[in-house]
Amino acid sequence: MRRRDLLKAVSMLPLLPGLRSLADNSTSRKHLWQGYDFGSFFPAKERLDQGPFDIDQDEGWQTVLFTTPSEKPLRNPGIGLVGYTWEESGPSIAVREGRQTLEDHVEKMASLPFVDVLYIRCDWRNVQKQAGKLDLDPVWELTLAAAKRHGLRVAFRIQSSNTAFQPHQLALPEFLRSRVPLVKIGPMGKHGNSDLSGGATGYWIEPRYDHIEYQKALAELNRLLAERFDGDSLIEWVDIMHIGFWGEGHFGGYPSPFPDFATAQRTLNQMVQMQLATWKKTPLAMNTQPDISNTGNREAIEIAVRGGAWVRSDSIIVEEPIQIEELANRPPWLAAILEDGYLRSYDASKLAVDAAGVNELENYMLHVLDLKANYWSLWTESDHLARYSDRFPRGFERLQTNMGYRLRPSWVWQRKRARTSELVVAISNRGVAGVPGVLWLQIASPGGTFKLRGSLDPGYPHAGGLRLSSFLLPEGFTGRVHLSAEIEIRPSVLKPLTWACEQPVNADGSISVDVKTMDDPKWRKEI
């Protein structure tokens, strides 16, 4: 994932005449994502009244709850720092060199206090050895068990292509290699300004993604994985299986293995649509890699976004302007996942510090907030991560207190309306991102005599904003109620969240609101 080198290499390659004319053709330019209508992925259900709540609607009002924002880290769905138990080259460097056990590596990563999600990025061969069944490598069970012990979540990507072990080992499982044509797309060694070979010689090998046997096997693998993991409460998201190096959607400046653009576009669209149809309960994430390999990424990304897929990028600083614009202006109900592999070791002793005293990696990670993102990746080196956090705590602290969404009931008003009490709830979002899905609110009596619930519009409240909604209580009710929230992360899949307020909450995560009697002396009207 040496995107810095790859982008430099691609920029050195000559622009083909056909591509030059395409670039000059203004009618072919893609639209900006800012302000663009991607449609609505979440169906409207039990929508709460969201105003306006004007003064002529009530016979009296008062503020019955107001809270202050908490800056403590929260482990809510759709947000977090991501520790890797396995990346494209394997687990930690110490495990690869025989100085650490895999079990110790996974446990140390899961034990870091700032890690929220454990992530596996492995080859297809690491999850399937024969057709018709999964055969997960040991890191999977170790990661899932550690996540359960430490209250974390898990995400993963399965790669069909990986440069790390070529030419000796391909990402595809053995049983598939004899059934799918393999294409030599170019010799290893220096290519432009890049050299991914690590001194190895031979040719980079890519499968014919359009071949019927590859497509059948891909559909079967997704079905098997979904049967095992779709809807599992531990699974935070799954990366869409893309084409190209590391599943990023490009071939590093080498020729595509597809015979033509039309075949590539059709194949990639089918791959994305199949995965969207297979995974119903767990969010998918689509890489927003621009179409540097001319394989139809633009259209496939839009299909994924309209289908509710989150977005991700595997780099953040050495990145094309178009990708930055897309990530920052994605639909507000979609999460964004960011990483950058260039400084993945987190070795504080090797980081350059600029004239402002900011180290290079911190500069990278704080751009996550500019993109209104939800996740930042920490890679595999737990010892380096701990030392980095001790020496340069500001970066992680800022991400933990600003990244993603941070919701609280900032105001709750009680109004006299329609011969009963109405509660108007203002939910504020101090985070940089919108709600990744649909926010559901619930008002319930502690004794269970009534329960009222409903939803806000998708993505609301947006980053830095607030959203009002109301509940009409049963006639004559006074006393205490509990206000709680859930996020509909996928249609009909709801997960509870913790309020980001300094005031105390109940054991179930709700906050108490006291409903006043009709003769309370604090009622206001025309004052």
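Refer to the structure printed above.
## Side note on the pattern of salt bridges
Here is step 1 of the chain: In total, this model carries 36 salt bridges according to the counting rule given.
Here is step 2 of the chain: Its salt-bridge partner being K45, residue E488 comes within 3.3 Å of it at the nearest N-O pair. Taken together, the residues E488 in strand β17 (residues 479-490) and K45 in the loop between α2 (17-24) and β1 (61-66) connect sequence positions 443 residues apart.
Here is step 3 of the chain: When salt bridges that share partners are traced, they join E87, E88, R96, R121, R157, D239, R312, D314, E339 and R344 into one network.

## What about helix α11 (residues 360-370)?
Here is step 1 of the chain: Those residues of α11 that sit buried are L361, E362, Y364, M365, L366, V368 and L369.
Here is step 2 of the chain: Among the residues of α11, the N-terminal cap falls to N359, whose side-chain oxygen and the backbone nitrogen of L361 are separated by 3.0 Å.
Here is step 3 of the chain: Residue K372 follows α11 closely and has a positive phi angle near 55 degrees.

## Re the nonpolar core
Here is step 1 of the chain: Counting residues in hydrophobic clusters, the biggest one holds 143 residues, and the most contacted among them are W124 and W376.
Here is step 2 of the chain: With seven residues, helix α7 (residues 212-229) is the single largest residue contributor to this core.
Here is step 3 of the chain: If sequence neighbours within four positions are ignored, W376 has contacts with G80, L81, V82, I316, L338, E339, D340, Y346, M365, V368, L399 and M403.

## Points about the environment of R125
Here is step 1 of the chain: Mapped onto the fold, R125 is located in the loop between β3 (117-123) and α5 (138-150).
Here is step 2 of the chain: A residue is classified by how much of its surface remains accessible, and R125, at 18% relative accessible area, is buried.
Here is step 3 of the chain: Spatially, the C-alpha atom of R125 lies 8.9 Å from that of D135, the residues being ten residues apart in sequence.
Here is step 4 of the chain: What R125 contacts, discounting residues up to four positions off in sequence, is F165, Q169, L170, A171, L172, P173 and R177.
Here is step 5 of the chain: Within polar-contact distance, the side chain of R125 engages the side chain of D123 at 3.1 Å.
Here is step 6 of the chain: There is a polar contact of 3.2 Å between the side chain of R125 and the backbone oxygen of L170.

## Quick word on the sheet that holds strand β2 (residues 80-86)
Here is step 1 of the chain: Strand order in the closed barrel formed by eight strands is β2-β3-β4-β7-β8-β9-β10-β11, with parallel pairing between adjacent strands. Strand-to-strand twist in this sheet, taken as the mean axis angle between neighbours without regard to direction, amounts to 30 degrees.
Here is step 2 of the chain: Bridge analysis of β2 against strand β11 (residues 375-379) gives four bridges, and the strand direction is parallel. Its bridge partner lying in β11, G80 is registered against Y375.

## Structural notes on the sheet that holds strand β12 (residues 407-417)
Here is step 1 of the chain: Strand order across the open sheet formed by four strands is β1-β12-β13-β16, with antiparallel pairing between neighbours. Single-partner strands in this sheet number two, and they are β1 and β16 (466-472). Taking the axes of each pair of neighbouring strands and ignoring which way they run, one obtains an average angle of 20 degrees across the sheet.
Here is step 2 of the chain: Judged from the five bridges that link them, β1 and β12 form a sheet pairing that is antiparallel. Residue pairing in the sheet places Q62 in a bridge with Q414 of β12.

Rules of the game
- Residues numbered from 1 in each chain as written.
- Predicted model: local features only at pLDDT ≥ 70, side-chain atom pairs only at ≥ 80, totals over all residues.
- Heavy atoms only, no water.
- Salt bridge = Lys/Arg side-chain N within 4 Å of Asp/Glu carboxyl O.
- Helix = DSSP H or I, 4+ residues; strand = E, 2+ residues; numbered from the N terminus.
- Buried < 20%, exposed > 50% of the residue type's maximum accessible area, 1.4 Å probe, protein only.
- Polar contact = N/O pair within 3.5 Å; in protein donor to acceptor, adjacent residues only side chain to side chain.
- Core = buried A, V, L, I, M, F, W, Y, C linked by side-chain atoms within 4.5 Å.
- Contact = heavy atoms within 4.5 Å.
- Pairing = 2+ DSSP bridges.
- Axes fitted to C-alpha atoms, helices over the stretch in contact; angles between N-to-C directions.

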